[in-house]
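Residues per chain are reported as follows:
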Amino acid sequence: MNKVLEWILFAFLTISFTSHASNFEQLNQSIVRIVSISPTGIKIGTGFVINETQNVVTHYQIIAESLKLLIADGAVNKAYFKQALVKWSSKDKNVAILHVPNLRRKALPLSSVEPNKGMPIYTLGFPAREPFVGESLDSLRGIEKVLELSVTKGSVSGLMYTTWENKTTLFRMIQHSAEINKGNHGGPLINACGQVVGVNTAGTISSITPKSPVDLATDVFYASHISYLIEILKAQQIPFEEIKSACLLEDNGTSAVYRWIVIIAIVLAIIALIIVMVIRYYQWVPFIPAFKFETFENETQRLQHLQKHSSYRTMNTNLTHEGDFVLSGFNRDGRIISLVINDIQLRKSKQGLTIGRSNSLCELVLSDDTVSRRHARLSYKEDSLYIEDMNSLNGSKVDGMILEPFKPAKLNLGQTLRLGDLTLSLRRA
């Protein structure tokens, strides 16, 4: 009976959240930081991958007067930088296409469907002040915490023809309400299905001139229409994925139906969860905690507790089940960290279990400011445990070896896993 209820709970949770998780997974891997070294200093911008040959789209200003272009493929330090080459650019259309060898990121699809007014859209990018003082990469120190990928939500306000300042060529723009910060320019404007509908190019109306002398609002934002990018890519014979069908999640009726399905699934999942909790309570098998912190007055007391805790954990299945994995160690304050990974849950999960700082995005939570919101992912393949860095800010290491983002590495018993400033050792319960 327990197993049946657990499967029901797992199925409903999967229905409720899988579609959002898959979109986020794709977007997180497809957005990149662009670092431009120019005579005036260091600039930070955003770009997105459009094909498997690792072409990256961004706006023209980030490459203008650039002496060297770098892609920060992970954390902002020299170990993760990869040089980018300009493949095509246009100042008039404010678009640049880069080529980054050995980037190995997933591509975003481009939607050629005309966006509708009121359609929900999202702006993604790495907000930062720019340019930075100085002409070396050392000037980037201290900005890591503001360079995490940000998402702002809004809607399409309208479509308009404009000209850039001092230009005569009319240019089609998408006016929207999703806030664009400095550093977000060059990033994608996407629809609810994770498809690119525009390239964010300007933050305010002051940078463009309307077709007719009409006063416009100053608290709106703009993106170049995706049709220009598609036209350029076809002319340059650069491969990309074009989506010609409308995103169903944009339709009000479909969105309402989808929301009701999710609400019903969540309610049924809660009911199933309560039933499982009641059954487990009467059988004296409570749920396994994700992690636990303890504070001690001195080192002797801490070591005594650790020995007692480990011995008790091995004998008492109320805390863990035999065969579960345990990542244990100490944080910078000397507190014990014991992260329990349920072996059955890990084997059942096709996507794996995510480790990070966010309660809403991760199954395994570590409350440490050096750990990213979604830092790493554990998965089980061919009777082996694998760890995969999720493009975390401070990186991941196995026995001192830096993990490349999104490339799973085998994690064996007894090996040391470092997530941010946390050092954990893997063992079996």
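Computed from a prediction, not measured in an experiment: that's the story for all the values here.

Q: Any chance you could explain the pairing of strand 26 (residues 422-428) here in plain terms?
A: Walk down a regular strand and you will see the side chains alternate between the two sheet faces. As judged from the six bridges shared by strand 16 (residues 325-330) and strand 26, these two strands associate in the antiparallel manner. Of the residues in strand 26, the one forming a bridge with Gly 329 is Leu 424. Note: strand 25 (residues 416-419) against strand 26, four bridges, orientation antiparallel. Residue pairing across strands places Thr 416 opposite Ser 425, the latter belonging to strand 26. Following strand 25, the chain reverses through two residues before pairing antiparallel with strand 26; Gly 420 in that reversal takes a positive phi of roughly 60°.

Q: How do you make sense of the side chain of Ser 358 when you look at a structure like this?
A: Mapped onto the secondary structure, Ser 358 falls in the loop between strand 18 (353-356) and strand 19 (364-365). In terms of polar contacts, Ser 358 uses its side chain to reach the side chain of Ser 360, at 3.1 Å. From its side chain, Ser 358 meets the backbone nitrogen of Leu 361 in a polar contact 3.2 Å long.

Q: What am I meant to see in a nonpolar patch on the surface here?
A: On the surface, Trp 260, Ile 263, Ile 264, Val 267, Leu 268, Ile 271 and Ile 275 cluster together to form a nonpolar patch covering roughly 640 Å² of accessible area. Following the sequence through the fold, Ile 275 ends up in helix 3 (residues 252-282).

Q: Got a minute to help me understand the confidence of the model for the protein chain in this structure?
A: Atom-level detail of predicted coordinates should not be read off regions where pLDDT is low. Summing up the model confidence of the protein chain, the mean pLDDT is 77 and the portion of residues at 70 or higher is 70%. Segment residues 12-22: pLDDT under 50, and ten contacts once partners within four positions in sequence are set aside and those in other chains are kept. When the criterion is pLDDT under 50, residues 284-293 qualifies, and its contacts beyond four places in sequence or with other chains add up to 32 contacts.

Q: What is the right way to look at the side chain of Arg 377 in this model?
A: Tracing the backbone through its elements, the reader meets Arg 377 in strand 20 (residues 376-381). In terms of polar contacts, Arg 377 uses its side chain to reach the backbone carbonyl oxygen of Gln 351, at 3.4 Å.

Q: Hey, could you run me through unusual backbone geometry in this one?
A: With a phi close to 60°, Asn 391 is a non-glycine residue in the positive phi region. Here Asn 391 lies in the loop between strand 21 (384-389) and strand 22 (396-398). A positive phi is found at Phe 406, a non-glycine position, where the angle reads about 65°. Take Phe 406: it is sitting in the loop between strand 23 (401-402) and strand 24 (409-410).

Q: In this structure, what is going on with the sheet that holds strand 20? I would like to understand it.
A: Strand pairing within a sheet occurs via backbone hydrogen bonds; the two strands may be parallel or antiparallel. Taken together, the five strands give an open sheet; going across it, the order is 19-18-20-21-24, and neighbouring strands pair in mixed fashion. The open sheet terminates on both sides in strands that have one partner only, identified here as strand 19 and strand 24.

Q: I keep staring at helix 2 (residues 226-235) and nothing clicks. Help me out?
A: For an α-helix the count is 3.6 residues per turn, leaving residues at separations of three or four pointing the same way. Buried residues of helix 2: Ile 226, Tyr 228, Leu 229, Ile 230, Ile 232 and Leu 233, and no others. Gln 237 lies just past helix 2 and shows a positive phi near 55°.

Q: Which parts of the structure should I look at to understand the nonpolar core?
A: Across soluble globular proteins, nonpolar side chains have a tendency to be buried as a group. Ranked by size, the top nonpolar core spans 24 residues in total, and within it Leu 327 and Leu 378 carry the most contacts. Secondary-structure elements contributing two or more residues to this core are strand 16, strand 17 (336-341), strand 18, strand 20, strand 21, strand 25 and strand 26. Sequence-distant contacts of Leu 327, defined by excluding residues within four places in its chain, comprise Ile 337, Ser 338, Leu 339, Ile 341, Ile 355, Leu 378, Leu 417, Leu 424, Ser 425 and Leu 426. Ile 97, Leu 110, Val 196 and Ile 232 belong to the second largest nonpolar core, which has 21 residues in total.

Q: What should I look at first to understand the sheet that holds strand 5 (residues 81-90) in this one?
A: In spatial order, the strands read 1-2-3-6-5-4; together these six strands close into a barrel with antiparallel pairing. On average, each strand axis in the sheet is inclined to that of its neighbour by 40°, with strand direction left out of account. By the bridge criterion, five bridges tie strand 5 to strand 6 (residues 95-99) in an arrangement that is antiparallel. Its bridge partner being in strand 6, Ser 90 is matched across the sheet by Val 95. Sheet strands touched by helix 2: strand 2 (41-49), strand 3 (55-58), strand 5 and strand 6. Its angle to strand 6, the strand with the most contacts, is close to 45°.

Rules of the game
- Residues numbered from 1 in each chain as written.
- Predicted model: local features only at pLDDT ≥ 70, side-chain atom pairs only at ≥ 80, totals over all residues.
- Heavy atoms only, no water.
- Pairing = 2+ DSSP bridges.
- Helix = DSSP H or I, 4+ residues; strand = E, 2+ residues; numbered from the N terminus.
- Polar contact = N/O pair within 3.5 Å; in protein donor to acceptor, adjacent residues only side chain to side chain.
- Patch = residues over 30% accessible without salt bridge, like charges linked within 9 Å, V, L, I, M, F, W, Y side chains within 5 Å.
- Areas by Shrake-Rupley, 256 points an atom, 1.4 Å probe, with all protein chains shown as cover.
- Salt bridge = Lys/Arg side-chain N within 4 Å of Asp/Glu carboxyl O.
- pLDDT = per-residue confidence, 0-100.
- Contact = heavy atoms within 4.5 Å.
- Buried < 20%, exposed > 50% of the residue type's maximum accessible area, 1.4 Å probe, protein only.
- Core = buried A, V, L, I, M, F, W, Y, C linked by side-chain atoms within 4.5 Å.
- Axes fitted to C-alpha atoms, helices over the stretch in contact; angles between N-to-C directions.

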